[in-house]
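Report on the structure
Single-letter residue listing:
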Amino acid sequence: MATKYAMALLGLLPLSTLASAEEAPLNVVTTIGMIADVAQEVGGECVSVEAMMGPGVDPHLYQASASDVATLRGAEQIIYSGYSLEGQLGSVLENFSQRTPTLAVSPASIDPSSLITSQDVYGIDPHLWMDVSLWAQTLPALSETFSEARPACADTIEANTERYQAQLLALHEWVKTSIASIPEQQRVLVTAHDAFNYFGRAYGIEVEGIQGISTETETGIADIRSMADTVVEREIPAVFIESTINPRTIQAVIDAARQRDHDVAIGGELYSDAMGDTGTVDGTYMGMIYRNTQHIVDALGGTLAPLPDPLTDWADEWELAH
Ligand code: ZN
């Protein structure tokens, strides 16, 4: 580098070559897309982010492939969620922390008093992205990590963080208002697995998951029967399938309710543990939350609130009504 710098001073190399060599984007590898998207928003052009788990991938059951290991070897910064979300992959990532800077972003960022504990072996429910105000708490840790690795980018990263933070908090309020429009009796979210406890707590909707916190456990006949009881008794109009979960347990609940003369519809596919297709709004963190809210509100008889001002540019970019 010293030689290169001297050559640039002598006019033998353009200074711009020197700058770009020093400021190549930080190579970041994440597990779930919900971390990758937020990291990209915060880091902007100063980071290059790759998610190991694409659309439809269940993080609880994920096993690292040989090509994942190669991707991780090339990373300058690894970021995962933690709190057992990534199942067996967690120990692989722990090994990598000896050679590559590694951030378990949920334990590092999120106020422990906000965590929901679960009855199973996991202890803590890891689906923290479902409450936008909690997921927004990861921004300072990401911002700090990237600024330390790329000090020349610190101002840009700070500006990105402030802008994105404002959008997330506006989205949080919008979800809350929209969910509150659902008639109270029908404000119940029935899904295949318990991914929506944070969503329910933040936005005031009761949550019933057929399976436990992790998809590693089996669903029994008794679980399906008791869920069908709830659906019939509360006259719930719709239940939801998830993009990362086989829909057969939800179908079994629908069939059991129908045997008791209660017709219940599928209220659409919700994104629980992965985002939608890359290149669409559903393939972004904010879009995932927006789309889930839209499906829930439409199927349960509510009305979507107008998108607030901090989200109008975002809505225009993706051609969403506001
Ligand atoms: Zn899950």
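Just so we're clear, the structure is a prediction, and the values are computed from it rather than from any experiment. Positions within a chain are numbered from 1, following the residues in the order the chain's sequence is written. Only residues with pLDDT of at least 70 are given local features in this predicted model, and only at 80 or more are side-chain atom pairs given and counted; all residues enter the totals for whole chains, interfaces and linings. Here the side-chain values reflect all heavy atoms present in the structure, with hydrogen atoms and water set aside.

1. Details of the pairing of strand β1 (residues 26–30)
Of all five residues in β1, four are buried; the element is thus mostly enclosed. When DSSP finds at least two bridges between two strands, those strands are taken to pair. Think of it this way: any DSSP run of H or I at least four residues long counts as a helix, any run of E at least two long counts as a strand, and we number them from the N terminus. By the bridge criterion, five bridges tie β1 to strand β2 (residues 47–51) in an arrangement that is parallel. Directly across from Asn 27, in β2, lies its bridge partner Ser 48. Crossover connection from β1 via helix α3 (residues 33–43) to parallel β2: handedness right-handed. When β1 meets strand β3 (residues 77–80), the two strands line up parallel, connected through three bridges. Counterpart to Val 28 in the pairing with β3 is Gln 77. Burial here depends on accessible area, computed with a 1.4 Å probe over protein chains only, as a share of the maximum for the residue type. Under 20% is buried, over 50% is exposed, and the range in between is partly exposed. Think of it like this: strands point away, you trace from the first strand over the helix to the second, and a clockwise trace means the crossover is right-handed.

2. Comments concerning the nonpolar core
The definition of a nonpolar core used throughout is a set of buried Ala, Val, Leu, Ile, Met, Phe, Trp, Tyr and Cys residues joined through side-chain atoms within 4.5 Å. If you look at the biggest cluster of nonpolar residues, it comprises 78 residues, and the most contacted ones within it are Phe 146, Phe 199, Tyr 285 and Ile 296. Top element by residues in this core is helix α9 (residues 154–180). It accounts for eight residues. A domain split of this core shows at least three residues from each of domain 1 (15–165) and domain 2 (173–317). Other than its neighbours up to four places away in sequence, Ile 296 contacts Ile 179, Ile 182, Leu 189, Phe 199, Ile 205, Phe 240 and Leu 270. With 17 residues, the next largest nonpolar core counts Ile 245, Ile 250, Ile 254 and Ala 257 among its residues. Domain borders in the structure are assigned automatically or taken from a domain database. Note on contacts: a residue pair qualifies if any of its non-hydrogen atoms lie within 4.5 Å across the two residues.

3. What about the coordination of the zinc ion?
Protein ligation of the zinc ion involves His 60 (NE2), His 127 (NE2), His 193 (NE2) and Asp 273 (OD), the donor distances falling in the range 2.0 to 2.2 Å. Only nitrogen, oxygen and sulfur atoms count as donors, using a 2.8 Å cut-off from the metal that widens to 3.2 Å for Na, K and Ca. Water is left out, so coordination shells may look unfilled. Square planar and octahedral assignments, for four and six donors respectively, both demand that opposite donors be over 155 degrees apart and that all other angles lie between 65 and 115; tetrahedral needs four donors with all angles between 85 and 135 degrees, and anything else is irregular. One can describe the donor arrangement at the zinc ion as tetrahedral, given that its four donor atoms subtend angles of 91 to 127 degrees at the metal. Read from N- to C-terminus, the donor residues coordinating the zinc ion fall into the pattern H-x66-H-x65-H-x79-D. Linking His 60 in the loop between β2 and α4 (66–73) with His 193 in strand β5 (residues 188–193), this pair joins segments that are 133 residues apart in sequence. In this structure, His 60 and His 193 share a single accessibility class: buried.

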